[in-house]
Structures are given as C-alpha cells and as structure tokens.
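Structural description and commentary
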Amino acid sequence: MRRFTAALVIGIVLLGSSALSQTKRPMRPEDLYRLKSVADPRISPDGQWIAYTVSVPDLEENSSNSDIWLMSMTDWKAFQLTNSPAADHSPRWSPDAKTIAFISSRNGSANLFLIRPARGEAQQITFSETGLYSPVWVHTGTHIICGSRVFPEGKTIKENWSDEELPQCKARTIDRLLFRQWDRWLGDERNHIFLVDIETGSMKDLTPADFDTPPVSLSSAHDFDISPDGREACYIKNADPVPAISTNHDLFAVDVETLEETKLTSNPALDSQPHYSPNGRYIAYAAMEKPGYETDRKRLVVYDRKRGTNTRLTEDLDRSVREIVWAPDSKSLFFTARDEGRCSIYRVKLNGDLTKLSNDGYNINPDLSPDGKTLIFLRSFNHIPNELYSMSVSGGKAIQRTFVNSDFLNELDLPPLEEFWFTGADNTRVHGFIQKPPGFTAGERYPVILTIHGGPQNMWADRFMQRWFTFQLVCSPGYVGVFIDPRGSSGYGSVFREQVSRDYGGRCFEDLMKGLDYVIGHYDFIDGSRQAAIGGSFGGYAVNWIMGRTDRFSCIVSHASLYNMTSFYGATEELWFPEWDMGKSPWLEPEIYDRWSPHRHTHNFKTPTLVIHGEMDYRVPFAESLQLFTALQRQGIPSRLVVFPDEGHVISKPQNNVRWWKEIHKWLGQYLDDR
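So, here's what we can say about the structure. (Residues numbered from 1 in each chain as written. Predicted model: local features only at pLDDT ≥ 70, side-chain atom pairs only at ≥ 80, totals over all residues. Heavy atoms only, no water.)

1. A look at the overall build of the chain
Just so we agree on the cut-off: Strands are runs of DSSP state E lasting at least 2 residues, helices are runs of H or I lasting at least 4, and numbering of each runs from the N terminus. Using a 1.4 Å probe on the protein chains alone, a residue whose accessible area is under 20% of its type maximum counts as buried, one over 50% counts as exposed, and one in between counts as partly exposed. Note on contacts: a residue pair qualifies if any of its non-hydrogen atoms lie within 4.5 Å across the two residues. Residue burial considers only the protein chains on display, and all accessible areas are found by Shrake-Rupley using a 1.4 Å probe. When charges are counted, neither His nor the chain ends are considered; positive counts come from Lys and Arg and negative counts from Asp and Glu. The atom standing in for a charge is NZ when the residue is Lys, CZ when it is Arg, CG when it is Asp and CD when it is Glu.
Along the chain, the regular secondary structure elements total eleven helices and 38 strands. Seen along its three principal axes, the alpha-carbon backbone of the chain occupies a region of about 85 × 75 × 55 Å. For the chain, the proportion of its 675 residues judged to be buried stands at 57%. Across the chain, every contact between residues at least 6 apart in sequence was considered, and the portion connecting residues at least 24 apart equals 56%. Put simply, the chain shows about 28,400 Å² of open surface, and 49% of that area lies on carbon and sulfur atoms. Computing the positive centroid from 73 side-chain charges and the negative centroid from 86, the chain places the two 5 Å apart.

Spelled out as structure tokens, the structure:
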C-alpha cells in the first residue's frame, strides 16, 4: 500500500510537472514590451552599493521609462531609488559615495540631477535647453563633465538662413558631406563637452569650436573623460576636412582653465574611448590601424602622460576591444571582446600578460569594485535577457544578482541555442547556431529560416536581442532558426572578418549556403522542402543576392536592404563604408560595384519577397527598397512593401516593431505553413 501510495504521489507530481511545462507558450511580438531591461551598473567608491537602471516598456503608450535602482553588495538586496514618469538614467557616484548624479528629462529636456540615496530627494543642477548626456565626475567632487549638442559660439552661417524672414520655409542649404547620420538630420548644432559646477550649475563649454567633439559617427559609450586632478579633459575629435570619408579620430586634451588644446595621437586610423587611470599617469584607449576601415581590429593602447609614449597591450589578441575598465591600482585593465558567438571578459596587465576571465554568454557593461576583487557586468543568453552578475576578478563562476524578468519568462517556452561548426568556402571552419521551435516534438519536421545578420562585420551571438531579429521570434511560429556567422563576421579573427570586403557575394554567400546545407543534412527534424531566408541591412543585401543566384527558398524577407550598389553609394551618409568595402567610388572602380550589385541579377529573381524599410533610414536610404519592390512587381513576382514613415534603419518604436514582426510572421506563414 505504501509503495502504491508513493508511486501515485510520484505520478501526480510528474503529471503536474508535465502539465506545467505544457502551459508554457511561444513568444509573441507583444512580449518584447513586457520585458524589463537592466542597464548601466556602477559600483559606489566605498564598494557598498551598485546603482543601475531598469527600463519598463509601455506598448500602449509606445514608449519606455527608466528609473534608477540600488543594490547592496553586502546582501545583494535591491530597491528602487527614483520613480519619475520620465526617463532617469546614467547614474554616476560622487567620489565620496554620498551622491549620485544622473540624467533625467522629468522637467523637459534632459538635464543633470543629484540625489542622496539616504535622503531620496532629487535636485536639478542644470537647466539647459539642449539635452545633456554621459556625465563623468571630477575626482575632486566639485564638477562634472557631460556632453550636449549645441549651436557653436560665433557660428554665423545657418542651414536655414531665411527662417526669420520666411518662417514657413524649411529649406536647408548644405555645403558639406556628413550632414545627416543614421536616422537624424545633423543641422547646425555640434557635439560639445561642458564642465558643470555642482554648486552653481553653471556650464563651461570646453570645446567651443565648430567641430563635433566627440564625432557623430563611430562613437563609443565613453568618448571623453577627465583627469583625476580635474585639470585636463580628454576627448575624441575628427579634424579631417571631410569627415564623411574619414575614420581618423584622434585623442585631444584640453586644459579646463585656459581651453588650450593638445593633440595626443597621430594615428591616421580611429582612436577612441579614452580612460584616465586612477593614478592619473595613463590614458587607456582603443586604436585601429587601417585608415578608412570602420570595423578594423581595435587594440587596447596605453598612453603614458609622463613619457609621452604609447604601448599596445593586445597586439597578440586577434579580437577587437570593446569596453574598458581600469583596475584601482592602475596596474591592469579589464575589457570585453566579441569571441566566436559570445562576448568575453579579459584582463590585461601593463606588461601585456593577458587572461580570459569568462566566455559564457554575452557580457557587457563591466565595472570593478574599489578593492579590485569583484567584477560586475550584464550578461544575457538567447533565452535570458540582460541581468546583473558578479564574478571574482580571477574568473570562475559568475553569480546572477538580478531577476527582473524571471516570473514572466516562466510563462514562455524559450528554447536555448545549439552551436555547430561546418566547412565553408576555401575549406574554412565556420560557426553557427541553430534553435528549435517552441513545443518541439521529436519525429516531426519543421520549416527552416536562414537569418542573416547585418554589418557585414557583425556577429550572431548567444545573447538576447529586444530589437532587430530576436531569435525567439524567428522560431516562435514553429520554425527552426539557423544563424550563421559567415565570412565577414566579427569575433573570428581579422582575416576571417576582412574576407568579405570587395567580395560581398563570394565567400559569404558560399558560407551561408554550405551552412544551411549542413544543418539540413545533419538534423532530421528540418523539412528541407520549406526554406526561407530573412535579413536586414547587409543581411538584406544577402537575401537580395541570394534571389539572383538560387530559387531554393519558398520566400524571402528583405529589410532595409542594399539593392543597387551604385545608387547606395550616392545616397548613404558615411562614405568610408562603401569606399572600403566595395571600392573607392563607382566611377573609379565601376567593375566592383557592378560585380556585387544584386540589381544586376534581377532577371533571375523568382522568390516571393516581403520588402520592409523605414523612410528615415539614412544609412541604407529608402529608395533601395523602392527599386527592389519595383523590380519584383514589374516581373510579376509575389511581393509586398511595408513602409514605416517614422522609422530609420531599425524599426524601434514599440508598436511599429510589433507590426514589423506580425508582417514577417504573416509572410512566412503564407509560404511555409502546412496548407
């Protein structure tokens, strides 16, 4: 009887567990806007607290709001510090750990606020009509530097010079290249750096000239800093006369009293991310080597302010340095780098000794405790959005500290990624990921979606993306997702990355086709008769190129795609990109532009195609998709054009993004689902 009772209990428990697992459902597009986002963790100088932000989206209001939270590093308990209906972000601790500076738009434009956690009342310090960003404390605790986009002093020539005489005329007069960027018109304003007096709120422009400091393009999250003694600021500037064709960013230093400027680097390629060492002797920064190549490898370099010398610390690491943090003793640095489908954390000493500390998941936003013993950072996986983790500086197991989405994630069936390697073009090993659909059943066969990343010097990784092609939503209708890092992808070494330049439709295309053939041949749950390819930006280029080469796919989704390489050159804003990747210009090297342009193979198109674009896209201008759609329609190929008039390269507004996904799912379902 006891055995029967025990067996009955076990059976009930197992049945309950099975029922619980069956209640989980696939992710829907709307679910992206039920997920909270953790960002920007910062440890207090006394090592007691972590300040970070939590953003909460609102699909109905088509917006998102962020507030500042605090977590104790003693018991790891957290509480909300600010609760404003407008965004509070960029928390930065004062040197005495008693005050947090942050940026908030609660009273209009984004301004600087101070709050004492013990008291909990925020005080507005600046009252600028132009928004402020990226605050950095001076170590004396008396000032903060931050950025703002302003009309330069003494500038007399305006783009709309008749605005007072003809107020209804919105015409602009342009006399330079790089007059728009990504999804914004740059106008007359320039990025400048300001020194803010904490007591008075007064703002002193440290870079008053008619330059962008830091530049509007190729910027990082940390392109200016201030020395520990508060006497000197270091920032990035592109002083070339035509910044639209130049990646020549250099480090400059300015005396905060006299505004005397000194150029610190003479590298003809890109230098960025200056970080003063805690002892003030060094400036660490990231440096490229090849002028005009925006995705060249970034080396970690240390500039010795006393000797005026530069030392490369990561010359032997064939990975690109991303985020940089100094150790408190100024003897070593920590940084992140993309690495074969992940983002790893490294430590390097001033003598060049290098150690990889973590290669699990996708790690960003590192910070270091004042005693130099604990790292904190954000980590995500394909099935887990960013959460805060801590880890010893010696590496080892990381411990998750926040769980802001755990309850909601328990409702969803979110399959993890599986990785594979195969032999691509030139017998080169190529890496990829595969994801099963939610509710996967052994013995069934599912349609397969080849999803191609942009860049092309980018990388699919085991991370959670709330924008662009979220892996879970690719697979949620019941599809197998295939995510290959073909030739040109970052995180696999310089040679692999560089082999896509001037070869857009060559080895990259071969890698993609061989990788897809590999998974179809090795995974028996894939239905090879139902294949689709989707991609955006360069991924859109790739699916356009695929259409001219094969009709193996049941349907295509082409978002913000490059179609005519010559017209793309003439309409994009950052000209160094096509001039490096395709050739100097279409009139100097027309054969390269013709060879790799999808529009030259339009006569071979047969595949039903969904075309999507944002009208405000200046990176890949909207006319590229109009040309593609016209070509499809004129040949009688089933096609659909979806236009977002208020979006740029990425469809980012919540309701627009939900519509974007619904359009994609509707198109895929029309051609892939059983009928």
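2. Considering the pattern of salt bridges
Close approach of charged atoms allows side chains of opposite charge to pair. To keep it simple, the criterion reads: Salt bridges, as used here, are contacts in which a Lys or Arg side-chain nitrogen is within 4 Å of a carboxyl oxygen on Asp or Glu.
Per the counting criterion, the structure on display carries 48 salt bridges. The partner of Arg 149 in a salt bridge is Asp 212, and the shortest N-O contact between them spans 2.8 Å. Residue Arg 149 is found in strand 10 (residues 143-150), and its partner Asp 212 is found in the loop between strand 14 (203-205) and strand 15 (224-226); the two are separated by 63 residues along the sequence.

3. Thoughts on the state of the cysteines
Just so we agree on the cut-off: To count as a disulfide, a pair of cysteine sulfur atoms needs to be within 2.5 Å.
Enumeration according to the criterion identifies zero disulfides in this entry. Take Cys 234: it sits in no disulfide, and the sulfur closest to it among the cysteines is that of Cys 146, at 17 Å. Residue Cys 475 stays outside any disulfide, its sulfur separated by 14 Å from that of Cys 555, the closest cysteine. Note on Cys 475: relative accessible area 0%, which makes it buried.

4. Some words on the side chain of Arg 190
Heads up, the rule is: N or O atoms within 3.5 Å of each other form a polar contact, as long as, within protein, one can give a hydrogen and the other can take it, and as long as residues adjacent in sequence are counted only when both atoms are side-chain atoms.
As for its position among the elements, Arg 190 is in strand 13 (residues 190-197). With a relative accessible area of 8%, Arg 190 lands in the buried category. In this structure the side chain of Arg 190 is engaged in a polar contact, spanning 3.5 Å, whose partner is the backbone oxygen of Gly 187. Leave out the neighbours within four places in its chain, and Arg 190 touches Ser 148, Arg 149, Val 150, Pro 152, Lys 155, Arg 176, Asp 210, Phe 211 and Asp 212.

5. Considerations on the pairing of strand 2 (residues 49-58)
Our working rule: If DSSP finds at least two bridges between two strands, the strands pair.
For strand 2, the tally of buried residues reaches seven of ten residues, placing the bulk of the element in the interior. As judged from the five bridges shared by strand 1 (residues 37-43) and strand 2, these two strands associate in the antiparallel manner. Looking across to strand 2, one finds that Ala 39 is bridged to Thr 53. Between strand 1 and strand 2, which follow one another and run antiparallel, lie five residues, and Gly 47 among them has a positive phi close to 75 degrees. In terms of strand pairing, strand 2 meets strand 3 (residues 63-72) through ten bridges, oriented antiparallel. The partner of Val 54 across the bridge, within strand 3, is Asp 67. Hairpin connection between strand 2 and strand 3: a loop of four residues separates the two successive antiparallel strands, and Asn 62 in this loop has a positive phi of roughly 60 degrees.

6. Details of the sheet that holds strand 5 (residues 88-93)
The cut-off we apply is this: Angular values range over 0 to 180 degrees, each being the angle between N-to-C directions of two axes fitted as lines to C-alpha atoms, with helices fitted over their stretch in contact.
As summarised here, the arrangement of the four strands in space is 5-6-7-8, forming an open sheet in which the pairing is antiparallel. Sheet topology places strand 5 and strand 8 (122-124) at the edges, where each strand pairs with a single neighbour. If you compare each strand with its neighbour and ignore which way they point, the axes differ by 30 degrees on average. Note: strand 6 (residues 100-104) against strand 7 (residues 111-115), five bridges, orientation antiparallel. By the bridge assignment, Ile 100 is partnered in strand 7 with Ile 115.

7. Looking at the pairing of strand 23 (residues 321-326)
Looking at chain direction, strand 23 and strand 24 (residues 332-338) are connected through four bridges and run antiparallel. The residue of strand 24 that forms the bridge with Ile 324 is Phe 335. The turn joining strand 23 and strand 24, which pair antiparallel and follow one another in sequence, is formed by five residues; a positive phi near 60 degrees is taken by Ser 330.

8. Focus on the nonpolar core
To keep it simple, the criterion reads: Residues belong to a common nonpolar core when they are buried Ala, Val, Leu, Ile, Met, Phe, Trp, Tyr or Cys residues joined through side-chain atoms within 4.5 Å.
Ranked by internal contacts, the top residues of the largest apolar core, which has 61 residues, are Ile 434, Leu 450 and Tyr 504. In terms of residues, this core owes the most to one element, helix 6 (residues 538-547), which gives seven residues. For Tyr 504, the contacting residues outside a window of four places in its chain are Pro 456, Phe 538, Tyr 541, Met 565, Phe 577, Asp 581, Met 582 and Trp 596. Judged by nonpolar contacts, the second largest core, of 40 residues, contains Leu 412, Leu 417, Ile 449 and Phe 464.

9. Remarks on the packing of aromatic side chains
Cut-off, in case you're wondering: Aromatic rings from Phe, Tyr and Trp, taking only the six-membered ring of Trp, are treated as a pair when their centres fall within 6.5 Å; an angle between ring planes under 30 degrees marks them as stacked, one over 60 as edge-to-face, and anything in between as tilted. Either the NZ atom of lysine or the CZ atom of arginine qualifies as a charge over a ring when it sits within 6 Å of the ring centre and within 35 degrees of the ring normal.
Throughout the structure, instances matching the rule amount to 33 aromatic pairs. A network of ring pairs unites the aromatic residues Tyr 504, Phe 538, Tyr 541, Trp 545 and Trp 596 as a single cluster. Over the ring of Phe 252 we find Lys 237; its NZ or CZ atom is 4.5 Å from the centre of that ring. Above the ring of Phe 440, the side-chain terminus of Lys 436 is found at 4.7 Å from the ring centroid.

10. Focus: the packing of helix 5 (residues 507-522) against helix 6
This is how the line gets drawn: An angle counts as roughly parallel when it lies under 35 degrees, as roughly antiparallel when it exceeds 145, as roughly perpendicular when it falls between 65 and 115, and as oblique in every other case.
Two elements in contact, helix 5 and helix 6, have axes separated by 11 Å at closest approach and are oriented at 80 degrees. Between helix 5 and helix 6, the angle falls in the class roughly perpendicular. Contacts between helix 5 and helix 6 involve Cys 508, Phe 509, Leu 512 and Met 513 from the first element and Phe 538, Ala 542, Trp 545 and Ile 546 from the second.

11. Quick word on the sheet that holds strand 35 (residues 526-536)
As summarised here, the arrangement of the eight strands in space is 31-32-34-33-35-36-37-38, forming an open sheet in which the pairing is mixed. Sheet topology places strand 31 (418-423) and strand 38 (639-644) at the edges, where each strand pairs with a single neighbour. Taking each pair of neighbouring strands and ignoring which way they run, the sheet shows an average axis angle of 20 degrees. Here six bridges tie strand 37 (residues 609-614) to strand 38, and the two strands are oriented parallel to one another. Within the sheet, the bridge partner assigned to Leu 610 lies in strand 38 and is Arg 640. Strand contacts of helix 5: strand 31, strand 32 (429-435), strand 33 (446-452), strand 34 (480-485) and strand 35, with the helix running at about 120 degrees to strand 31, the strand carrying the most contacts.

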